[in-house]
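Report on the structure
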Amino acid sequence: MSLKTKIQGEFEQIWEGMLSDYVTAIAWSSQGKILAASSAAGEVVLYHSPEQQLVKYLVKYLVKYLQTSDGESINSLVFSTDGQFLAAGGQNGQVKIWRLQSEEAELITVLENNRTWVDRMDWSPTKNQLAFSCGRYVQVWNADTGNIETTLNFDTSSVQDITWHPNGESLAIAGYQSVKFWMSANWDDDPSVIPVDSTSLVILWSTDGKYIASGNMDRSITVLEWNDPNPWVMRGFPGKVRNLAWSDTPTKSGAPLLAASSVEGIVIWEKNADNWDSRVLPRHEGNILSIQFQPNTHLLASASEDGSVCLWNQSKRLLQVLYGANNGFSCLSWHPHESKLAAGGKNGELIIWSPGSRGQGFGRR
């Protein structure tokens, strides 16, 4: 399905770039002036948006390669909350951290991890602390001191995911049969534990810090309200739950929306007085690899291996279908302040869309 008739606010492509291989991750800086992208070939690239465009409808980005192709995949790419640092990690076990100043980037640290694949990272929302996975362990590196602050042992399995609480006071780690919480004020204390029947694959805090969701291998979701020992468990997904997204705006109940994807299906969960109601968003015909709410709205974007990015108005109705990666999309990211959506493709495509613009980009690099 493709929307042929132009409608007010319809998203149009404004820019396209190209990496040499599968786009593994993309991320906007907190100010939205830089888009970072990484690839399975090992590239790490920055795209700077100039303060003023020379032509009104011609969007151009200044390109800076922090790392060229070396054949070893980069799988994690994250900006610090203040936009001062960018961290990347992947197949060779290294964690590289750049300090960003204006349009320049300085490599300040390379952390070696004995070729342990580093595929999960998260910066603290309140401090310049970077948490990253190393097999069964998570290390926390402090940018202010330049040292590893702690090493946390998940013990029962490799680490599947990590996420900081929005207030920065705790770090949650997912893995086999549990989600564990360490308090940053005293890393040596034993963690609190949420039991999971199978393996927790992905975890995510709501932006208000009130709820944490866990997508699980046994086709279920566990949702815990902070300080409530009794979680909700939602079942019936067609496969493993690989992707989660919280809206940052609440519904009438006061709780945010929760989106979850499994295989080619998306389910939206909305809290009522005592439970969570669900609705299915049917459209995709391939595995969904990324979902994300636009900031300050309930507009949901979903990227799939079927070669489409779908936009869901109020997380209910299909608003538009976007194309541009014939062999499938791999990741997406909303601009933090503007109505721009970036997505990466399996063949290396990088595309940015924006509503109501007339530019068609300037081709691939």
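Going by an unreviewed UniProt entry, the protein carries the name WD40 repeat-containing protein and comes from Sphaerospermopsis aphanizomenoides LEGE 00250.

Within a sheet, each strand pairs with its neighbour through backbone hydrogen bonds, oriented either parallel or antiparallel. Spatially, four strands are ordered E10-E11-E12-E13 in an open sheet, and the strand pairing comes out antiparallel. Whereas interior strands pair on both sides, the edge strands pair on one side only; in this sheet they are strand E10 (121-123) and strand E13 (147-153). Within this sheet the neighbouring strands show an average axis-to-axis angle of 20 degrees, counted without direction. Direction of pairing for strand E12 (residues 137-142) relative to E13: antiparallel, over a ladder of six bridges. Within E13, the position partnered with tryptophan 141 by the bridge is isoleucine 148.

This part is about the UniProt feature "repeat: WD" (unreviewed entry) in the protein. Following the UniProt record, the feature "repeat: WD" (unreviewed entry) maps to residues 67-108, 281-313 and 322-354 here. Within residues 281-313, the helical portion is 0% and the strand portion 52%, while the C-alpha atoms at the span's ends are 11 Å from each other. Taken as a whole, residues 322-354 contains 0% helix and 55% strand, while its terminal C-alpha atoms sit 11 Å from one another.

Here the focus is the sheet that holds strand E1 (residues 11-18). Pairing is antiparallel in the open sheet, where four strands are placed in the order E1-E30-E29-E28. Pairing within the sheet leaves two strands with one partner each, and these edge strands are E1 and strand E28 (329-334). Each strand axis lies, on average, 20 degrees off the axis of its neighbour in the sheet, ignoring direction. Here E28 runs beside strand E29 (residues 341-345); their pairing, made up of five bridges, is antiparallel.

Turning our attention to the pairing of E28. Of all six residues making up E28, six are buried, and the element is well covered by its neighbours. Hairpin connection between E28 and E29: a loop of six residues separates the two successive antiparallel strands.

Attention shifts here to the environment of serine 315. For serine 315, the position within the fold is in the loop between strand E26 (309-313) and strand E27 (317-322). Residue classification places serine 315 among the buried positions, given a relative accessible area of 0%. Serine 315 has contacts with Leu257, Ile268, Arg279, Leu281, Phe293, His298 and Leu300, leaving out every residue within four places of it along the chain. A distance of 2.8 Å separates the side chain of serine 315 from the backbone oxygen of histidine 298, its partner in a polar contact.

Right, let's talk about the nonpolar core for a bit. Ile221, Val223, Leu244, Leu258, Trp269 and Trp276 are the most contacted members of the largest nonpolar core, which has 17 residues in total. Discounting chain neighbours no more than four positions away, the residues touching leucine 244 are Val202, Ile203, Leu204, Ala213, Ser214, Gly215, Ile221, Leu258, Ala259, Ala260 and Ile291.

The next subject is the pairing of strand E4 (residues 44-48). Counted residue by residue, E4 has five buried out of five residues, so it is predominantly covered. Because side chains alternate across E4, one face comprises the buried residues Val44, Leu46 and His48, and the other comprises Val45 and Tyr47, equally buried. With five bridges joining them, strand E3 (residues 34-39) and E4 adopt antiparallel strand pairing. Along E4, the bridge assignment pairs serine 38 with valine 44. Connecting the antiparallel pair E3 and E4 is a turn made up of four residues, with glycine 42 showing a positive phi of about 105 degrees.

Rules and cut-offs
- Residues numbered from 1 in each chain as written.
- Predicted model: local features only at pLDDT ≥ 70, side-chain atom pairs only at ≥ 80, totals over all residues.
- Heavy atoms only, no water.
- Pairing = 2+ DSSP bridges.
- Helix = DSSP H or I, 4+ residues; strand = E, 2+ residues; numbered from the N terminus.
- Axes fitted to C-alpha atoms, helices over the stretch in contact; angles between N-to-C directions.
- UniProt positions renumbered as here; feature names shortened; annotations may be inferred.
- Buried < 20%, exposed > 50% of the residue type's maximum accessible area, 1.4 Å probe, protein only.
- Contact = heavy atoms within 4.5 Å.
- Polar contact = N/O pair within 3.5 Å; in protein donor to acceptor, adjacent residues only side chain to side chain.
- Core = buried A, V, L, I, M, F, W, Y, C linked by side-chain atoms within 4.5 Å.

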